[in-house]
Amino acid sequence: MSQNNFYITTPIYYPSGDPHMGHAYSSILADVFARFKRNDNNNVFFLTGTDEHGLKIQTAATKNGLDPLMYCDKISLIFKDLTTKLNLSNDDFIRTTEKRHHKSVSDLWDRLVRSGDIYLSKYKGWYSVSDEAYYNSDEIIEKNGKKFSTFSGSQVEWVEEESFFFKLSSWQKKLLEFYDNNSKFILPISRRNEVVNFVKSGLNDLSVSRTSFTWGIKVPNNDKHVIYVWLDALTNYLSALNFPDTNDRLYKRFWPASLHVIGKDILRFHAVYWPAFLLAAKIKPPSRVFGHGWILSGDEKMSKSKGNILDPLEIIKKYGIDELRYYLMKEVSHGSDGNISLKSLENCINSDLANNYGNLCQRIFSFVKNNCNNKVIKTKNISAADKKLIEQTKTLTKDLRDLMNNQNLNNYIKSVINISFLTNKYINDEEPWKLKNNKEKMSNILHLSLEQIAKISILLNPIIPKATTKVLESLKINLKLTNMSFLDGKDLLSKEIVVKDLNILFKKIN
Ligand code: ME8
């Protein structure tokens with residue numbers, strides 16, 4: 001079967017402090033989409049990494065008494081380690097201090113110079129080091145003698161220096177046309193509207209170099225300037241495919257990117273600046289930018305300064321990685337913010353994982369072991385209850401591919417968990433434990449239950465890969481060889497199956 005290519009990225013993280021739940025959320029969300037696409041027979045390239053230049057990192061390094069590169073070497077490792085702890089399936093991890101990236105950024109810069117989109121002038125205005133972003137005067141408020149961005153709440157400083165500019169203003173019309181022709185370039189729709197309104201309100205040219213510090217990629221042929229960290233950082237998506245070698249196998253296969261998963265705070269960079277740079281450089285823009293919401297704690301963005309942090313590593317140690325992945329994916333709904341707490345994490349683990357999916361697997365596998373010596377056979381005599389469950393499952397699986405392809409993970413999870421709920425109900429109603437004298441009917445019920453477990457496990461695999469892999473192994477299903485044609489109603493299991501024992505999947509929290 002021919003495969004489609006799918007290139008998906010997370011934001012590359014600032015190694016300016018310890019990884020937090022927001023980082024974990026962005027990464028896991030992208031990983032779920034990547035895993036689903038792989039399971040659905042696509043050729044996937046999934047990228048993550050660290051964003052290591054700019055004033056924010058230079059300042060963090062100085063605070064730690066380290067040279068910036070030594071500092072980045074140290075913290076970038078912590079982020080790389082996080083990819084393992086979060087069980088990410090990334091194919092590459094890029095650092096913007098690598099040679100391959102440097103080459104790619106310089107080339108993109110040269111293209112923008114050649115197209116006449118870059119000119120030298122002077123920047124006078126507000127800058128936030130924490131956001132690495134420029135703000136207009138009408139985006140600033142004053143509190144206690146200090147100035148802050150109304151957009152992000154971060155403190156800003158006044159900057160006046162020689163700077164190269166990108167002619168963003170001249171791309172307004174072309175960007176609006178681009179959004180029009182690519183109606184799903186920005187999802188969810190609410191974010192698309194935000195961006196379109198912002199662009200419609202007029203665009204200023206963008207300062208794309210700095211002269212007051214040195215930690216960055218130098219402007220080609222002008223050592224005084226370093227390239228603006230966002231122009232540098234965004235280019236990572238090209239660098240990982242060996243751009244500027246546009247004949248490279250990776251580049252040819254995977255560019256334009258299929259999906260950039262990012263937080264809503266960095267939408268402007270990805271949905272306005274990035275396509276403008278690319279259009280100017282005559283490179284095709286990505287197909288989609290999905291802006292997810294924030295993880296909140298009591299209505300506030302989770303942050304160290306607010307002291308409301310749930311540390312992902314501590315949660316993983318205490319509850320497990322599948323548990324954290326499932327909770328974050330379920331709790332934060334399609335593009336909106338999600339409020340998380342230990343209490344709701346525990347409730348979610350108990351209700352969906354331990355009592356629903358975990359219980360379904362446990363009860364069927366132990367029944368099959370104790371009563372059928374792990375061997376189950378299906379006959380032709382399908383009951384009305386069997387038919388009903390099969391039809392309900394077909395209805396619930398019908399839209400799943402579409403939901404995933406539109407990043408609507410929340411409704412996807414609801415449907416899959418509902419299939420698990422209905423299967424548990426079917427078993428309660430059919431009472432196979434009362435059918436020890438009607439082995440044929442009992443065996444049919446168990447077979448259908450195992451078929452349901454197989455489907456649910458494949459569908460939940462992108463979210464809880466560890467537990468579902470155990471179940472699929474017990475069912476002797478090789479995920480790499482199984483495509484998702486069951487979404488169109490096909491069966492996964494053969495008529496006669498012999499399963500392996502399955503140990504407990506999720507512990508209930510008391
Ligand atoms: O922005 N909830 O890096 P970053 C959800 N280097 N998501 C959150 C969050 C929260 N509480 N806090 C942060 C950068 N994030 C740039 C990206 S890409 C070319 C460069 C998300 O480490 C945030 O929205 O500050 C962003 O998508 C990601 O974490 C990385 O944030």
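Residues numbered from 1 in each chain as written. Predicted model: local features only at pLDDT ≥ 70, side-chain atom pairs only at ≥ 80, totals over all residues. Heavy atoms only, no water.

Engineer: Run through the sheet that holds strand β10 (residues 206-207), naming residues and quoting values.
Structural biologist: Taken together, four strands build an open sheet; the order of strands is β5-β4-β8-β10 and the sheet is antiparallel. Of all strands in the sheet, those bounded by a partner on one side alone are β5 (133-135) and β10. Pairing between strand β8 (residues 157-166) and β10: two bridges, direction antiparallel. Counted as the bridge partner of Phe165 is Ser207 from β10. Across the sheet, helix α10 (residues 267-280) lies against β5, β8 and β10, angled at about 30° from β8, the strand it touches most. (Pairing = 2+ DSSP bridges. Helix = DSSP H or I, 4+ residues; strand = E, 2+ residues; numbered from the N terminus. Contact = heavy atoms within 4.5 Å. Axes fitted to C-alpha atoms, helices over the stretch in contact; angles between N-to-C directions.)

Engineer: Which residues make up empty space enclosed by the protein, and what values go with them?
Structural biologist: Counting across every chain of the model gives three cavities of 30 Å³ or more. Considering only enclosed or pocket space, the largest cavity measures out at about 70 Å³ in volume. Surrounding the largest cavity, Ala133, Tyr134, Tyr135, Phe151, Leu206, Tyr228, Arg268, Phe269 and Tyr273 form its lining. Secondary-structure elements contributing two or more residues to the lining of the largest cavity are β5 and α10. (1 Å grid on protein atoms, 1.4 Å probe; cavity = no way out; pocket = protein on both sides within 12 Å on 5 of 7 lines; lining within 4 Å. Points joined across faces, edges and corners; volume = space filled by probe spheres on them.)

Engineer: Quick rundown of the side chain of Asp40? Include the residues and the values.
Structural biologist: Inspection of the secondary structure assignment puts Asp40 in the loop between α1 (21-39) and β2 (42-50). Note on Asp40: relative accessible area 14%, which makes it buried. Discounting residues that sit within four places of it in the chain, Asp40 has contacts with Arg401 and Met484. (Buried < 20%, exposed > 50% of the residue type's maximum accessible area, 1.4 Å probe, protein only.)

Engineer: Please provide a residue-by-residue account of the nonpolar core, values included.
Structural biologist: Counting 91 residues, the largest nonpolar core has Ile8, Leu328, Met329, Leu409, Tyr412, Leu450 and Ile463 as its most contacted members. Residue contributions to this core peak at 13 residues, all from helix α13 (residues 342-372). If near-sequence neighbours (up to four positions away) are discounted, Ile8 is found in contact with Ala30, Phe33, Ala34, Val44, Phe45, Phe46, Leu47, Leu259 and Val261. One finds Ile12, Tyr13, Ile266 and Phe277 within the second-largest nonpolar core, a separate group that totals 84 residues. (Core = buried A, V, L, I, M, F, W, Y, C linked by side-chain atoms within 4.5 Å.)

Engineer: Summarise the site of the ligand; cite the residues concerned and give the values.
Structural biologist: Surrounding the ligand, one finds 24 residues, the nearest of these being Ile12, Asp51, Gly263, Asp265 and Ile295. At a separation of 2.8 Å, a nitrogen atom of the ligand approaches a polar backbone atom of Ile12. Contact with the protein chains covers 95% of the free accessible surface of the ligand, which is 660 Å². When residues of the shell around the ligand are traced back to their parent elements, those giving at least two are α1, α7 (229-234), α8 (236-239) and β14 (259-263). Residue classes in the shell around the ligand are distributed as 12 nonpolar, nine polar and three charged. (Near = heavy atom within 4 Å. Polar contact = N/O pair within 3.5 Å; in protein donor to acceptor, adjacent residues only side chain to side chain. Areas by Shrake-Rupley, 256 points an atom, 1.4 Å probe, with all protein chains shown as cover. Nonpolar A, V, L, I, M, F, W, Y, C, P; charged D, E, K, R; others polar.)

Engineer: Break down the packing of helix α5 (residues 172-181) against helix α6 (residues 189-200) for me, citing the residues and quoting the values.
Structural biologist: Closest axis-to-axis distance for the α5/α6 pair is 10 Å, and the angle between their directions is 155°. As far as their axial angle goes, α6 and α5 are roughly antiparallel. Between α5 and α6 the crossing geometry is left-handed. Between α5, through Gln172, Leu175, Leu176, Tyr179 and Asp180, and α6, the contact on the second element is made entirely by Arg192, Val195, Val196, Val199 and Lys200. (Parallel < 35°, antiparallel > 145°, perpendicular 65-115°, else oblique. Left-handed = near helix turned anticlockwise from the far one by under 90°.)

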